[in-house]
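# Residue-level structural notes
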Amino acid sequence: MGRSKCRESGEALEPEAAPERSYQELVENVNAIARPLASRKLTRKLYKCIKKAAKQKQIRRGVKEVQKFINKGEKGITVLAGDTLPIDVYCHIPIMCEDRSLPYVYIPSKTDLGAAAGSKRPTCVIMIKPHEEYQEAYDECLEEVEALPLPL
């Protein structure tokens, strides 16, 4: 009964009706630990690579799954969402990546990261595994991610 009143008055916005936020607006909501942060151009390339990897089932999604496969020694690019709170949820992942010399990068939005992976749910961590179907896009992203300066 309460829902119908809210819909009739037009106060409730559907999630699809919300305007898409710009890169600068997303960067303003990023955590203090989100370094190295991908540029707008690199972020788009990573989203495309994630979409291709999701079609081939070559991604690991979520903190538990990514952590498990990093410990097993799996290789790939780790992409973390910079707007995840609390930070404690995933602040150990970059340290694990550095210990195993795996490339990692932060992007501004967990909702966009989840959408790129083909999910309606926001995702805070994704690992992209290499595959011959999208090797060129993967190599390009890997090269740019490794060129980013690591935080001190």
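Per chain, residues are indexed from 1 in the order of the written sequence. Whole-chain, interface and lining totals are the exception, using all residues; otherwise, since this is a predicted model, local features are given only for residues with pLDDT of at least 70 and side-chain atom pairs are given and counted only at 80 or more. With hydrogens and water excluded, all non-hydrogen atoms of the structure serve as input to the side-chain values.

The protein chain is annotated in an unreviewed UniProt entry as H/ACA ribonucleoprotein complex subunit 2 of Eublepharis macularius.

Strands here are runs of E lasting at least two residues and helices are runs of H or I lasting at least four, both read from the DSSP assignment and numbered beginning at the N terminus. Check the secondary structure of the protein chain and you find seven helices and four strands. When the helices and strands of the protein chain are listed from N to C terminus, the series reads α-α-α-β-α-β-α-β-α-β-α. Exposure classes here rest on a 1.4 Å probe applied to the protein chains alone. A residue is buried below 20% of its type maximum, exposed above 50%, and partly exposed in between. Every one of the 152 residues in the protein chain was classed for burial, and the buried ones make up 41%.

Turning our eyes to something else, we now look at helix α4 (residues 63-72). Every buried residue belonging to α4 is among V63, V66, F69 and I70, and all of these are buried. Take α4 and look down its axis: the buried residues cluster within an arc of 145 degrees, on one side only. Exposed positions of α4 whose direction lies more than 90 degrees from the buried face are K64 and K72. By the convention used here, residues are in contact when the closest approach between their heavy atoms is within 4.5 Å. Check the buried side of α4 and you find it contacts β1 (59-61), β2 (77-81), α5 (93-99) and β4 (125-128). In the stretch just after α4, G73 is the one whose phi turns positive, near 95 degrees. In this context, the arc is that of the directions from the helix axis out to the C-beta atoms.

This brings us to the environment of V105. Among the structural elements, V105 can be located in strand β3 (residues 104-107). Taking C-alpha positions, V105 is 9.9 Å from E144, a pair spaced 39 residues apart along the chain. Other than its neighbours up to four places away in sequence, V105 contacts P36, L37, A38, L42, L46, T78, V79, L80, V145 and L148.

A few words now on the pattern of salt bridges. Any carboxyl oxygen of Asp or Glu within 4 Å of a side-chain nitrogen of Lys or Arg constitutes a salt bridge here. On inspection of all chains with the given rule, the structure shows four salt bridges. Where R60 meets E65, a salt bridge forms, and the shortest distance between an N and an O atom there is 3.7 Å. Classification of E65 by relative accessible area gives partly exposed; the value is 29%. For E74, the salt bridge is made with R60, and the minimal N-O distance between the two is 3.1 Å. Residue E74 is located in the loop between α4 and β2, and its partner R60 is located in strand β1; the two are separated by 14 residues in the primary sequence. Residue E74 is classed as buried on the basis of its relative accessible area of 19%.

Nonpolar cores were defined as sets of buried Ala, Val, Leu, Ile, Met, Phe, Trp, Tyr and Cys residues, with membership established by side-chain atoms within 4.5 Å. By size, the foremost hydrophobic cluster in this structure holds 23 residues, and its most contacted members are L46, I50, V79 and I128. Elements with a contribution of two residues or more to this core: α3 (40-55), β2, β3, α6 (110-116), β4 and α7 (135-147). Excluding residues within four positions of it along the chain, L46 makes contact with A38, V79, V105, I107, I128, C141 and V145.

Strands were regarded as paired on the criterion that DSSP finds at least two bridges between them. In space, the four strands of this open sheet follow the order β1-β4-β2-β3, with mixed pairing throughout. Two strands close off the open sheet at either side, each with one partner strand: β1 and β3. Taking the axes of each pair of neighbouring strands and ignoring which way they run, one obtains an average angle of 20 degrees across the sheet. Between the N-to-C directions of two axes lies an angle of 0 to 180 degrees, each axis being a line fitted to C-alpha atoms and, for a helix, fitted only over the stretch in contact. In the packing of α7 onto the sheet, contacts are made with β2, β3 and β4, and the angle to β2 comes to roughly 70 degrees.

Once that is clear, we can look at the confidence of the model for the protein chain. A score between 0 and 100, pLDDT records how confident the predictor is in each residue. Counting all residues, the mean pLDDT for the protein chain is 84, and 86% of those residues have values of 70 or more. Note on residues 5-18: pLDDT is under 50 here. Beyond four places in sequence and across chains, it has three contacts.

Side chains of E136, D139, E143 and E146 sit close together on the surface and give a patch of like negative charge. Topologically, E146 is positioned in helix α7. Surface patches are drawn from residues lacking salt bridges whose relative accessible area is over 30%; two like charges belong together within 9 Å, two nonpolar side chains (Val, Leu, Ile, Met, Phe, Trp, Tyr) within 5 Å. All accessible areas in this document rest on Shrake-Rupley with a 1.4 Å probe, and a residue is counted as covered only by the protein chains that are shown. When charges are counted, Lys and Arg are positive and Asp and Glu negative, with His and the chain ends excluded. All charge positions are set by atom: Lys at NZ, Arg at CZ, Asp at CG, Glu at CD.

In this section: α7. Counted at 1.5 Å a residue, the expected span for α7 with its 13 residues is 18 Å, and the 18 Å between its end C-alpha atoms agrees. Within the span of α7, buried status applies to Y138, C141, L142 and V145. Viewed end-on, α7 has its buried residues packed into an arc of 105 degrees, placing them on one side of the element. Pointing more than 90 degrees away from the buried face of α7 are the exposed residues E136, E143 and A147. The span expected for a helix works out to 1.5 Å for each residue beyond the first.

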